[in-house]
Amino acid sequence: MIVSSNMSLSVIRHYLSLVRFSHTIFALPFALIGFTLGFSDLKERGVNYNFEWLLLVKMLLCMVFARSAAMAFNRYLDRHYDALNPRTAKREIPAGIVKPQQALLFTIVNSLLFIATTWFINMACFYLSFIALFITLFYSYTKRITALCHIVLGIGLALSPIGAFLAVDPRFSWLPVMFSLSVLTWVAGFDIIYALQDEAFDREQKLHSIPAALGVKNALVVSTLLHVCSGIFVVAAGVAGHFMWTYWPGCAFYIAMLVYQHLLVKPSDLSKVNMAFANTNGIASVVFACFTILSIIMKMMT
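About the criteria used
Within every chain, residues take consecutive numbers counted from 1 along the sequence as written. Owing to the predicted nature of the model, reporting of local features is limited to residues with pLDDT of at least 70; listing and counting of side-chain atom pairs is limited to 80 or more, with chain, interface and lining totals taken over all residues. Calculation of side-chain values draws on the structure's entire complement of heavy atoms; hydrogens and water are dropped beforehand. Under the scheme used here, helices are H or I runs from DSSP no shorter than 4 residues and strands are E runs no shorter than 2 residues, and both carry numbers assigned from the N terminus. Only C-alpha atoms enter the radius of gyration, while the globule expectation follows 2.2 Å times N to the 0.38, with N the number of residues. Exposure is judged per residue with a 1.4 Å probe applied to protein chains only, and the accessible area is read against the type maximum: over 50% gives exposed, under 20% gives buried, and values in between give partly exposed. By the convention used here, residues are in contact when the closest approach between their heavy atoms is within 4.5 Å. Buried Ala, Val, Leu, Ile, Met, Phe, Trp, Tyr and Cys residues that are joined via side-chain atoms within 4.5 Å together make up what is termed a nonpolar core. Every axis in this analysis is a line fitted to C-alpha atoms, fitted for helices over the stretch in contact. Angles between the N-to-C directions lie between 0 and 180 degrees. Crossing handedness is read from the near helix: turned anticlockwise from the far helix by less than a right angle, it gives a left-handed crossing, and turned clockwise, a right-handed one. For this classification, the nonpolar set comprises Ala, Val, Leu, Ile, Met, Phe, Trp, Tyr, Cys and Pro, the charged set comprises Asp, Glu, Lys and Arg, and every other residue, Gly included, is treated as polar. Nonpolar side chains (Val, Leu, Ile, Met, Phe, Trp, Tyr) are joined into patches within 5 Å and like charges within 9 Å, using only residues with over 30% relative accessible area and no salt bridge. All accessibility values rest on the Shrake-Rupley procedure with a 1.4 Å probe; residue burial counts only the protein chains present in the view. A carboxyl oxygen of Asp or Glu within 4 Å of a side-chain nitrogen of Lys or Arg is what we treat as a salt bridge. Multiplying one less than the number of residues by 1.5 Å gives the expected span of a helix. Two N or O atoms count as a polar contact when they lie within 3.5 Å, although within protein this holds only if one can serve as hydrogen donor and the other as acceptor, and sequence-adjacent residues are included solely when both atoms are side-chain atoms. Think of it this way: a Phe, Tyr or Trp ring, Trp meaning its six-membered ring, pairs with another when their centres are within 6.5 Å, and the plane angle makes it stacked under 30 degrees, edge-to-face over 60, tilted otherwise. Note on criteria: charge over ring means Lys NZ or Arg CZ within 6 Å of the ring centre, with the direction from the centre no more than 35 degrees off the ring normal.

K.L.:
Describe the overall build of the chain, listing the residues and the values that go with them.
P.N.:
Check the secondary structure of the chain and you find 13 helices and zero strands. Against the 2.2 N^0.38 benchmark of 19 Å for 302 residues, the chain shows a C-alpha radius of gyration of 20 Å, consistent with a compact globule. Across the 302 residues that make up the chain, the buried fraction comes to 51%. If you take every contact in the chain between residues at least 6 apart in sequence, the share linking residues at least 24 apart comes to 74%.

K.L.:
Residues and numbers for the nonpolar core, please.
P.N.:
Ranked by internal contacts, the top residues of the largest apolar core, which has 64 residues, are Ile33, Phe179, Trp186 and Phe288. At ten residues, the largest contribution of residues to this core is made by helix 3 (residues 53–77). With residues near it in sequence (within four places) discarded, Trp186 still touches Phe26, Phe30, His227, Ser230, Tyr254, Leu258, Asn281 and Ser285. Ile193, Leu196, Val216 and Ala276 belong to the second largest nonpolar core, which has 14 residues in total.

K.L.:
Could you give me a rundown of the packing of helix 2 (residues 28–44) against helix 7 (residues 149–168), with the residues and numbers involved?
P.N.:
Contact pair helix 2 / helix 7: the axes reach a minimum separation of 7 Å and the direction vectors enclose 35 degrees. Of the two possible hands of crossing, helix 2 and helix 7 adopt the one that is right-handed. Residues Phe30, Ala31, Gly34, Phe35, Leu37, Gly38, Phe39, Asp41 and Leu42 of helix 2 touch helix 7, and the partners they reach there are Ser160, Pro161, Ala164, Phe165 and Val168. A class-by-class count of the residues in the contact of helix 2 with helix 7 yields ten nonpolar, three polar and one charged.

K.L.:
A description of a nonpolar patch on the surface should follow, citing residues and the corresponding values.
P.N.:
A contiguous nonpolar patch, built from Trp119, Phe120, Met123 and Tyr127 and spanning about 490 Å² of accessible area, is present on the exposed surface. Mapped onto the elements, Trp119 comes out in helix 5 (residues 100–119). Using a relative accessible area of 46% as the deciding quantity, one classes Trp119 as partly exposed.

K.L.:
Before we move on, can you summarise the packing of helix 2 against helix 3 with the specific residues and values?
P.N.:
Packing of helix 2 against helix 3 brings their axes to within 11 Å, and their N-to-C directions diverge by 145 degrees. Judged by the twist between their axes, the crossing of helix 2 over helix 3 is right-handed. In this structure, helix 2 uses Leu28, Ala31, Leu32 and Phe35 to contact helix 3, whose residues at the interface are Leu55, Leu56, Met59, Leu60 and Met63. Taken together, the residues that form the contact of helix 2 with helix 3 break down as nine nonpolar, no polar and no charged.

K.L.:
Give me the lowdown on helix 8 (residues 174–195), citing residues and values where you can.
P.N.:
End to end, helix 8 covers 31 Å across 22 residues, agreeing with the expected 32 Å (1.5 Å per residue, within 8%). For helix 8, a buried count of 20 out of 22 residues is recorded, marking the element as mostly surrounded by other parts of the structure. By the N-cap criterion, in which a side-chain oxygen at the helix start approaches the backbone nitrogen of a residue two or three places on, helix 8 is capped by Ser173, the distance to Leu175 being 3.4 Å.

K.L.:
Explain the packing of aromatic side chains to me, and be specific about the residues and the numbers.
P.N.:
All told, the structure shown has 25 aromatic pairs when counted by the stated rule. Pairing Phe134 with Phe138 gives two aromatic rings, centres 5.5 Å apart and planes at 10 degrees, and the pair type is stacked. Of this pair, Phe134 and Phe138 both sit in helix 6 (residues 123–142), four residues apart, roughly one helical turn. Among the residues examined, Phe134 registers a relative accessible area of 54% and is labelled exposed. Phe138 sits in the partly exposed class, given a relative accessible area of 31%. It is Arg79 that lies over the ring of Tyr76; its NZ or CZ is 4.3 Å from the centre.

K.L.:
Tell me about the pattern of salt bridges, and name the residues and values.
P.N.:
Applying the stated rule across the entire model yields nine salt bridges. Close ionic contact of Arg45 with Asp169 constitutes a salt bridge, the shortest N to O distance being 2.7 Å. One end of the pair, Arg45, is in the loop between helix 2 and helix 3; the other, Asp169, is in the loop between helix 7 and helix 8, and 124 residues separate them in sequence. For Asp198, the salt bridge is made with Arg87, and the minimal N-O distance between the two is 2.5 Å. Of this pair, Asp198 sits in the loop between helix 8 and helix 9 (199–204) while Arg87 sits in the loop between helix 4 (79–84) and helix 5, placing them 111 residues apart in sequence.

See below:
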């Protein structure tokens, strides 16, 4: 029994590592912002509502299933390139820890679970789930055809605030869209920074990316411009949303972390790329979401 339990835990760890489950922290805080905004919008429109923990669980499951499907499919599709790249050769599929067929099956199962969960939320989420799933899975092909693959990744994660909002209030609103635009430009910007590590490899294998197309220095300029846009969008969202004062310290921290990651990475020194990619952005999203959600709740209580 102990051996069986240890084997089961090992399998779970392998799959969590395969999909980089810890990286869910990037988009999840923004999904929680969108979820909270949905209740705020209902209150402003005078709609009677009750907070449902089960609805929150469904929304979180959608996030986990969609991202797991996207990451597993990406690992499945890129397995041959990963095996050739010294940086990625130890990933689960090229290392033989997870078989390609298992990763593909994992993708299919998570895709079906994602669609099924949206069915139990509302019809708006269900119909849009197919579009969301297509974008998140299609991203895995984009590096083969366009240097704008970073933008496609940003679009995929940017759907989280809108989707979470619609889970509560299936009515269009510009406010979650503004947060989504912030996510789009934020993710695309830091994905360019992450792709700096593979600039030479991408060129050698004829894969497309901003670093491969423009070089390290110009890629960092593009990343900076995208992050400037992200900062503008969070400020604009704060103004448009008439949030309480607690929103602005979180906004300032978010922008400061965007600036900080660009101070960490220089064209002549890429040694801190992983710190800029994972630590800085993970902290930025969590802290910003905490302040924003607090502000929304305070506004709802006034």
